[in-house]
Amino acid sequence: MKKTSIYILSVIVLAVLALSVILPSRRLVQLGVETFSMGFSQGYNGEESEPVHGSPIEISFVPSASTMLQPADSIQFQDGRQLPFIIDNVIVMTPDENVPDWTKWVLFSFTPIKIFFLFVILWKLIRFIINVSKARIFVGQNVTYLRQISLSLIAIAIIQIIAGSIQDYIFHQLHFTWPGYQLEAQWNFPWNNLLLGSIGLLFAQVWSYGLHIKQEQELTI
């Protein structure tokens, strides 16, 4: 029964991790395929299009009290009805000349690095689960796997913090304003990854201590 529950939990964890790796990759691949298809179609038909120059930055709109009570913007339906709405998040294509080149390259390079760390987490977790399923629990390999998984989570969190700080820098350089809203760069501090990574390192240390006690007992016997 205990082995079955371990297998079920392992499958759930692996499925979530696999989705966290596949979904970002799938979006990048889809965007690349669509861009290539559009360019190929326009080239085949002899069409020329002006390329869109700009760097996307996500902005969070924080409405004022008056905007919450009486929104100034409305959306119109096909039957003519108009309903007020409040802006939440938008992605603005900022002109390239207003965005330093180094920020674009750094942010672009973060995506493959994050995917690499996710693959590391997935692979090391698989190896850890295989060891546990074979009753190899208190072994040095498992301590190493736990530390590698935890450090990868912390590395991803650090990347997210740096990326968010760069977005804040870009946002403040552009001086965006919108009546009735306070604007700020949209990114969330990665508390979850930092917490999971720290807990993982704690478990790895406890695991290492348990392994040390086990080895001492074996030597005593």
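Being a predicted model, the structure only gives us computed values, none of them experimental.

Things to note about the pairing of strand 1 (residues 55–63)
Pairing between strand 1 and strand 4 (residues 89–94): six bridges, direction antiparallel. When the bridges of strand 4 are listed, Pro56 appears paired with Met93.

Some words on the packing of helix 3 (residues 101–133) against helix 4 (residues 140–174)
A pair of packed helices is characterised by two quantities: the angle between their axes and the separation of those axes. In the contact formed by helix 3 and helix 4, the axes pass within 9 Å of each other and the chain directions differ by 160 degrees. Taken together, the axes of helix 3 and helix 4 lie roughly antiparallel to each other. Pair helix 3 / helix 4 crosses with left-handed handedness. For the contact of helix 3 with helix 4, the per-class residue count stands at 23 nonpolar, seven polar and three charged.

Describing the pattern of salt bridges
Tallied over the full model, the rule gives one salt bridge. Notably, a salt bridge pairs Arg81 with Asp79, separated by 2.9 Å at the nearest N-O pair. Among the residues examined, Arg81 registers a relative accessible area of 47% and is labelled partly exposed.

Some thoughts on the packing of aromatic side chains
Any two aromatic rings considered together are summarised by their centre-to-centre distance and by the angle between their planes. Overall, the coordinates contain eight aromatic pairs when judged by the stated rule. With a centroid separation of 6.1 Å and 40 degrees between ring planes, the pair formed by Phe171 and Phe176 is classed as tilted. A relative accessible area of 26% means that Phe176 is categorised as partly exposed. For the pair Phe189 and Trp191, a centre-to-centre distance of 4.4 Å together with 45 degrees between the ring planes defines the contact as tilted. Taking relative accessible area as the criterion, Phe189 reaches 35% and is therefore assigned partly exposed. Taken together, the ring pairs connect Phe61, Trp178 and Tyr181 into an aromatic cluster. Positioned above the aromatic ring of Phe77, the side-chain terminus of Arg81 is 5.0 Å from the ring centre.

Looking at helix 3
Counted at 1.5 Å a residue, the expected span for helix 3 with its 33 residues is 48 Å, and the 49 Å between its end C-alpha atoms agrees. Two residues or fewer past helix 3, Ala135 is found with a positive phi of approximately 65 degrees.

Description of the environment of Leu83
Examined against the element boundaries, Leu83 turns out to sit in strand 3 (residues 82–85). Residue Leu83 is classed as partly exposed on the basis of its relative accessible area, which comes to 40%. A C-alpha to C-alpha distance of 8.4 Å links Leu83 and Asp73, two positions 10 residues apart in sequence. In contact with Leu83, not counting residues within four places along its chain, are Asp73, Ser74, Ile75 and Phe77.

Some remarks on a nonpolar patch on the surface
A contiguous nonpolar patch, built from Ile8, Leu9, Ile12 and Val16 and spanning about 390 Å² of accessible area, is present on the exposed surface. Looking at the element boundaries, Leu9 is found in helix 1 (residues 2–44).

Conventions adopted
Residue numbers restart at each chain and count upward from 1, following the sequence in its written direction. Where local features are concerned, this predicted model is filtered to residues with pLDDT of at least 70; where side-chain atom pairs are given and counted, the filter is 80 or more; whole-chain, interface and lining totals use all residues. The side-chain figures draw on all heavy atoms in the structure; neither hydrogens nor water molecules are used. Between any two strands, pairing holds if DSSP finds at least two bridges. The numbering of helices and of strands both runs from the N terminus, where a helix is a DSSP run of H or I of at least 4 residues and a strand a run of E of at least 2. In this analysis an axis means a line fitted to C-alpha atoms, helices contributing only their contacting stretch, and an angle means the value between N-to-C directions, from 0 to 180 degrees. Each angle is binned into one of four classes, with values under 35 degrees roughly parallel, values over 145 roughly antiparallel, values of 65 to 115 roughly perpendicular, and all other values oblique. Crossing handedness is read from the near helix: turned anticlockwise from the far helix by less than a right angle, it gives a left-handed crossing, and turned clockwise, a right-handed one. In this count, Pro and Cys sit with the nonpolar residues alongside Ala, Val, Leu, Ile, Met, Phe, Trp and Tyr, while Asp, Glu, Lys and Arg are called charged and the others, Gly among them, polar. The working definition used for a salt bridge is a side-chain nitrogen of Lys or Arg within 4 Å of a carboxyl oxygen of Asp or Glu. Relative accessibility thresholds used throughout: buried, under 20% of the residue-type maximum; exposed, over 50%; partly exposed, between the two (1.4 Å probe, protein chains only). Any two of the Phe, Tyr and Trp rings considered here, Trp counted by its six-membered ring, make a pair once their centres fall within 6.5 Å; the pair's planes then place it as stacked at under 30 degrees, edge-to-face at over 60, or tilted in between. Counted as over-ring charges are cases with an Arg CZ or a Lys NZ within 6 Å of the ring centre that also lie within 35 degrees of the ring normal. Expected helix span is given by 1.5 Å per residue-to-residue step, counting one fewer step than there are residues. Whether two residues are in contact is decided by their heavy atoms: any pair within 4.5 Å suffices. Within the patch definition used here, like charges are joined within 9 Å and nonpolar side chains (Val, Leu, Ile, Met, Phe, Trp, Tyr) within 5 Å, considering only residues with over 30% relative accessible area and no salt bridge. Using the Shrake-Rupley algorithm and a 1.4 Å probe, accessible areas are obtained, with residue cover drawn only from the displayed protein chains.

Without other data, these values stay purely geometric and don't point to any function.
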